[in-house]
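Architecture and fold: a report
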Protein chains: 2
Amino acid sequence: MNRRKFLTSAGLGAAASTTLAAPAIAQSRPQIRWRMASSFPHSLKILYQGAEQMARRVSEATDGNFDIRVFGAGELVPAFEVLDAVSNDTVECGHSASYYYVGKNLAFGFDCAAPFGLTARQQNAWMYEGGGLELVREVLFDDYNIINLPMGNTGAQMGGWFRHEVDSVEDLKGLKMRISGFAGAVLEKLGVVPQQIPGGDIYPALERGTIDASELVGPYDDESVGLYEVAEYYYYPGWWEAGPQTTLYINRDAWNELTPEYQSIVQAAAAEANIRITARYDAENPPALRRLVSKGTKLRGFNREILMACYKATEELYEEQVETNDKFRAIYEEWRKFRDEQYLWFRVAENSFDNFAFTADARLEQQEDN
Amino acid sequence: MNRRKFLTSAGLGAAASTTLAAPAIAQSRPQIRWRMASSFPHSLKILYQGAEQMARRVSEATDGNFDIRVFGAGELVPAFEVLDAVSNDTVECGHSASYYYVGKNLAFGFDCAAPFGLTARQQNAWMYEGGGLELVREVLFDDYNIINLPMGNTGAQMGGWFRHEVDSVEDLKGLKMRISGFAGAVLEKLGVVPQQIPGGDIYPALERGTIDASELVGPYDDESVGLYEVAEYYYYPGWWEAGPQTTLYINRDAWNELTPEYQSIVQAAAAEANIRITARYDAENPPALRRLVSKGTKLRGFNREILMACYKATEELYEEQVETNDKFRAIYEEWRKFRDEQYLWFRVAENSFDNFAFTADARLEQQEDN
């Protein structure tokens, strides 16, 4: 039905009734129009479309009365200015990755991903049930007048594309790699020269050899950029992004203008988008990886020497931050306790299952060959 | 506001207006009262309360117009008759674990958990983005007039409580274990004597030695039942439940009576409960495991010999079912392809991260000691 038309009709017809609470019904199902600035271009399909699906859910759940229009990176505001745009009320809400804002404070990483941090499941556990959401809101987002809600997670990312193999920490020295923020700061300790390059410029930079390596996301997204054509080795794991969360930022004043009903719908729709974005990455990555390998991509795992050196450098960075950065320390101390307990437990049932089951077929064939 | 009161007032006031579409507004925000029968007792807090939270979300999102009241196992219908009760419209909806219905057809396991099956993330990927939801609905739930929506997942469960250590397949022979359905059928091939015992009777049965072992859920739920007092060894992983999903069943006629708006809200709220139930398990299990160990529980991993024998027995069972069970085959063939691709991909970024990171601290200490 045409809601507006009905309201007008009812208002006219009911003009004589003193008990008709027109403002009350206006309050109950108000017409709301919001704009959402995404930090992701349309080409990062899963993240961009995940926000669109969330907007569609909100519209359906309000019979079309609450309309959120999503804009891709750069369409309303530049990709890395979404947080400020929401903070300033340039847009009512935004979809972004909080580690884009580690320039403001490295602690923003905890709302997304930190080196050797939480997996997707662990990030959700921390956010929803471990006090993480409230903690990052209080320490970080309150200053920006922003309500934060988890809305998406890519799962563990790949370590990126390398033109040559890296077999030792020595091989990292002088390596020009497109990587930034938190992870860039860690790798710099090991001699890597971090490069800041917009996503669209990675391909030519790798092709010309201006850079030696670049991280991106995972098989599905990376395939669409075509990096397999200009770098042969695809390394794993992206230890700096074990479960990077993307976040819905909502301007607090815009939020406060919503009815409790609309606030509730936004919360449910954001949580739904959170689980569904991960589900789509998990469904799309396996066939994408198969296609990449069939096109000649060579998979390589970072060896233990390299991972251990990165782990130690990460620990150093954490210690430095704890000493000098109050906001970082306030979050880190809680986060680290939570992470360490998660790691202990996940080794037991989940990881022992994974380690056996993911290779059981191969073992069975081996047994039968013997 | 009091919605009913307003409608009455508006109706009266607007009586003279021919354009007032009273049935249309009634349709838009109808008062709905549903009952949800849970298969879970109040004592399985996370699952039971997860359904309550979902109901609360639906109420909030509809300004109290759509009210779902949740009843624990046995309060309206027995735990294992929830599917039939929803099918018969005894209740409008239910929250259950589909492997409780493998007596109807073993294929119901795929809507929940199957031996060496999907992890929680993989189950969500299959359900939401891999065609799983539509497939199990068509093959299984359509016959029962039921709409199925994923609503919860415990994550990988533990293998259960054992009075004595099991070190070999030989040790499984004659072992009386409380385990049922799919997994019971697999273990029977290895000489285990599966026992069907209601949850409340496990403790005395283990205490008296009527049974030698019992599976349950994981640290948080198991601790509340107190099995650590009557069985010393706590085995992992529960290879028959790597990511057991719990499902919201909705009677199709009840569903069809909902407005599109209410249907949309139910879908979002179920997905939200899905991710939040797992988050709560993941947050609660680590401290529960620590408490159990401090009370004397001894953690034991099933060794490779046992896991391999279980894997082979599972493969045999799958082959038998494919030959004799049409519904099973219809789902299994799709499911298996999906599972195998998931296993290949998850080994790469996720599993290599987990294997390093979950033990990195221990390795670092080791390095520093040397």
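No experiment lies behind these values; they were computed from the predicted model shown. (Residues numbered from 1 in each chain as written. Chains lettered and ligands numbered in written order. Predicted model: local features only at pLDDT ≥ 70, side-chain atom pairs only at ≥ 80, totals over all residues. Heavy atoms only, no water.)

1. Some words on the overall build of chain A
Filter applied, for reference: Helix numbers and strand numbers start at the N terminus; a helix is a DSSP run of H or I with at least 4 residues, a strand a run of E with at least 2. For the exposure calls, accessible area comes from a 1.4 Å probe over protein chains only, and a residue counts as buried if that area is under 20% of its type's maximum, exposed if over 50%, partly exposed in between. Between two residues, a contact is recorded if the distance between any of their heavy atoms is within 4.5 Å. Here the open area of atoms and residues is found with the Shrake-Rupley method and a 1.4 Å probe, where only the protein chains shown may cover a residue. Note on charges: Lys and Arg go in the positive column, Asp and Glu in the negative column, and His and the chain ends are not counted at all. For the purpose of locating charges, the reference atoms are NZ of Lys, CZ of Arg, CG of Asp and CD of Glu.
The secondary structure content of chain A amounts to 15 helices and eleven strands. Counting every position in chain A, which comprises 370 residues, the buried fraction comes to 61%. Contacts in chain A between residues at least 24 apart in sequence constitute 76% of all its contacts with a sequence separation of at least 6. Here chain A has roughly 13900 Å² of accessible surface; of this, 46% comes from carbon and sulfur atoms. The centroid of the 36 positive side-chain charges in chain A is displaced by 5 Å from the centroid of its 53 negative side-chain charges.

2. Re the state of the cysteines
Rule in force here: In this description, the term disulfide denotes a pair of cysteine sulfurs within 2.5 Å.
For the structure shown, the criterion picks out zero disulfides over all chains. Distance from the sulfur of Cys310(A), which forms no disulfide, to the nearest cysteine sulfur (Cys112(A)) is 18 Å.

3. A look at unusual backbone geometry
Residue and element names in this part refer to chain A. Residue Tyr-236 is joined to Pro-237 through a cis peptide bond whose omega torsion reads -10°. Mapping Pro-237 onto the fold places it in the loop between strand E9 (233–236) and strand E10 (245–251). Positioned with a positive phi, Asp-63 is a non-glycine residue whose angle comes to about 55°. In this structure Asp-63 comes out as partly exposed when scored by relative accessible area, which is 32%. Although it is not a glycine, Asp-89 sits at a positive phi angle of roughly 65°. Within the element layout of this structure, Asp-89 appears in the loop between helix H4 (82–87) and strand E3 (93–96).

4. With respect to the packing of aromatic side chains
Residue and element names in this part refer to chain B. Cut-off, in case you're wondering: Aromatic pairs are defined between Phe, Tyr and Trp rings, using the six-membered ring for Trp, whenever the two ring centres lie within 6.5 Å; interplanar angles under 30 degrees are classed as stacked, those over 60 as edge-to-face, and all others as tilted.
By the definition in use, this model includes 68 aromatic pairs over all chains. Measuring from centroid to centroid gives 4.9 Å for Phe-110 and Trp-335, while their planes differ by 55°, and the two rings are tilted. With Phe-110 in the loop between strand E3 (93–96) and helix H5 (120–129) and Trp-335 in helix H14 (residues 326–357), the pair connects residues that are 225 residues apart, well separated along the chain.

5. Considerations on the sheet that holds E3(B)
All names here are of chain B. Rule in force here: DSSP bridges decide pairing: two strands pair if at least two such bridges lie between them. Note on geometry: axes are lines fitted to C-alpha atoms, helical ones only across the stretch in contact, with angles between N-to-C directions running from 0 to 180 degrees.
Strand order in the open sheet formed by five strands is E2-E1-E3-E10-E4, with mixed pairing between adjacent strands. Only two strands of the sheet have a single neighbouring strand rather than two, namely strand E2 (66–71) and strand E4 (146–153). Looking at each pair of strands side by side, their axes are set apart by 25° on average, direction ignored. Two elements, E4 and strand E10 (residues 245–251), share six bridges in a ladder whose sense is antiparallel.

6. Remarks on the sheet that holds strand E6 (residues 176–178) of chain A
Strand pairing in a sheet relies on backbone hydrogen bonds, with the paired strands running either antiparallel or parallel. All names here are of chain A. As summarised here, the arrangement of the six strands in space is E7-E6-E8-E5-E9-E11, forming an open sheet in which the pairing is mixed. Edge positions in the open sheet fall to strand E7 (193–195) and strand E11 (298–301), since each of these has one partner strand only. Where E9 and E11 come together, four bridges link them in parallel fashion. In the sheet register, Tyr-235 faces E11, and the bridge partner there is Arg-300.

7. Points about the relation of the copies chain A and chain B
Defined as follows: Overlaid copies result from least-squares superposition on C-alpha atoms, with residues included only where pLDDT is at least 70 in both.
It takes a turn of 180° to lay chain A on chain B, together with a shift of 0.0 Å along the axis; the resulting RMSD is 0.0 Å. On the angle and the small slide along the axis, the relation comes out as a two-fold axis. Looking at chain A, 100% of its interface residues are interface residues in chain B too, so the copies touch through the same face.

8. Side note on the pattern of salt bridges
The test is simple: We define a salt bridge as a contact between a side-chain nitrogen of Lys or Arg and a carboxyl oxygen of Asp or Glu at a distance within 4 Å.
The full count for this structure, using the stated rule, is 50 salt bridges over all chains. Close ionic contact of Arg57(A) with Glu60(A) constitutes a salt bridge, the shortest N to O distance being 3.1 Å. In this pair, Arg57(A) and Glu60(A) are both assigned in helix H3 (residues 45–61), three residues apart and thus about one turn of the helix distant. Asp282(A) is the salt-bridge partner of Arg121(B), the closest N and O atoms lying 2.6 Å from each other. Pair noted here: Arg121(B) is in helix H5 and Asp282(A) is in helix H12 (residues 260–294), and the two residues belong to different chains. Take Arg121(B) and Asp282(A): they sit in the same class, and that class is buried. A single salt-bridge network, built from bridges that share partners, covers Glu315(A), Arg336(A), Arg339(A), Asp340(A) and Asp361(B).

9. Side note on the side chain of Glu223(A)
Residue and element names in this part refer to chain A. Stated precisely, the cut-off is as follows: By the criterion applied in these results, polar contacts are pairs of N or O atoms within 3.5 Å in which, for protein atoms, one can donate a hydrogen and the other can accept it, and in which residues neighboring in sequence qualify only through two side-chain atoms.
Tracing the chain through its elements places Glu-223 in helix H10 (residues 219–225). Residue classification places Glu-223 among the buried residues on the basis of a relative accessible area of 13%. A distance of 2.8 Å separates polar atoms of two side chains, one belonging to Glu-223 and the other to Arg-291. Within polar-contact distance, the side chain of Glu-223 engages the side chain of Lys-295 at 3.0 Å.

10. Some remarks on the domain arrangement of chain A
Residue and element names in this part refer to chain A. The test is simple: Start and end points for every domain follow an automatic or database-based domain assignment. Buried area is a sum: the accessible area each of two parts loses on coming together, probed at 1.4 Å, counted once for each and added.
Under the domain assignment, chain A is made up of domain 1 (31–152 + 243–283) and domain 2 (160–241 + 291–369). Placing a centre on the C-alpha atoms of domain 1 and another on those of domain 2 gives a separation of 24 Å. Across the boundary between the two partners, domain 1 contributes 31 residues, which contact 31 residues of domain 2. Across the domain 1 to domain 2 interface the summed buried area is about 2900 Å²; carbon plus sulfur atoms make up 69%. If you sort the residues of domain 1 by the area they bury against domain 2, Phe-110, Pro-115 and Phe-116 come out on top, with a joint share of 28%. Counting across the interface, domain 1 meets domain 2 through two salt bridges. A salt bridge links Glu-350 to Arg-121; the shortest N-O distance between them is 2.9 Å.

11. With respect to the interface of chain A and chain B
Our working rule: Only Asp, Glu, Lys and Arg are considered charged, only Ala, Val, Leu, Ile, Met, Phe, Trp, Tyr, Cys and Pro nonpolar, and every remaining residue, Gly among them, polar.
With 92 residues of chain A in contact, the opposing surface of chain B contributes 92 residues. For the pair chain A and chain B, the two sides together bury roughly 8300 Å², of which 65% comes from carbon and sulfur. Three residues stand out in chain A for area buried against chain B, namely Trp345(A), Phe353(A) and Phe358(A), and they jointly supply 10% of the buried area on that side. In this structure, Asp361(B) and Arg339(A) form a salt bridge, with 3.6 Å as the shortest nitrogen-oxygen distance. Where chain A packs against chain B, one counts 27 residue pairs in polar contact (both at pLDDT 80 or more). Split by residue class, the side of chain A that touches chain B holds 44 nonpolar, 23 polar and 25 charged.

12. Considerations on the packing of H12(A) against helix H3 (residues 45–61) of chain B
For any two helices packed against each other, one specifies the inter-axial angle together with the distance between the axes. Heads up, the rule is: Angle categories: roughly parallel below 35 degrees, roughly antiparallel above 145, roughly perpendicular from 65 to 115, and oblique for all the rest.
Following both chains from N to C, one finds H12(A) and H3(B) inclined at 135°, their axes separated by 8 Å at the closest point. Taken together, H12(A) and H3(B) sit at an angle that is classed as oblique. Residues Glu261(A), Ser264(A), Ile265(A), Gln267(A) and Ala268(A) of H12(A) form the contact with H3(B), whose own contacting residues are Arg57(B), Glu60(B) and Ala61(B). Considered class by class, the residues forming the contact of H12(A) with H3(B) number three nonpolar, two polar and three charged.

13. Thoughts on the confidence of the model for chain A
All names here are of chain A. For the record, the criterion: Known as pLDDT, the predictor's confidence for each residue is given on a scale from 0 to 100.
The predicted model of chain A has a mean per-residue pLDDT of 92, with 92% of residues at 70 or higher. Counting interchain partners and residues more than four positions distant, the pLDDT-below-50 stretch residues 1–26 has 35 contacts. Predicted as a complex, the structure gets a pTM of 0.92 and an ipTM equal to 0.92.

14. A look at the environment of Glu92(A)
All names here are of chain A. Relative to the helices and strands, Glu-92 is located in the loop between H4 and E3. Taking the C-alpha atoms as reference, Glu-92 lies 26 Å from Pro-198; in sequence the two are 106 residues apart. Apart from the residues lying within four places of it in its own chain, the contact partners of Glu-92 are Arg-33, Trp-34, Arg-35, Val-86, Tyr-249, Ile-250, Asn-251 and Ala-254. A polar contact of 2.8 Å, which involves the side chain of Glu-92, links it to the backbone nitrogen of Arg-35.

15. What about helix H6 (residues 132–139) of chain B?
Residues and elements named next belong to chain B. Extensive coverage of H6 is indicated by the burial of six of its eight residues. Listed as buried for H6 are Gly-132, Leu-133, Leu-135, Val-136, Arg-137 and Val-139. Its buried side turned inward, H6 meets H5, E4, helix H11 (252–257) and H14.

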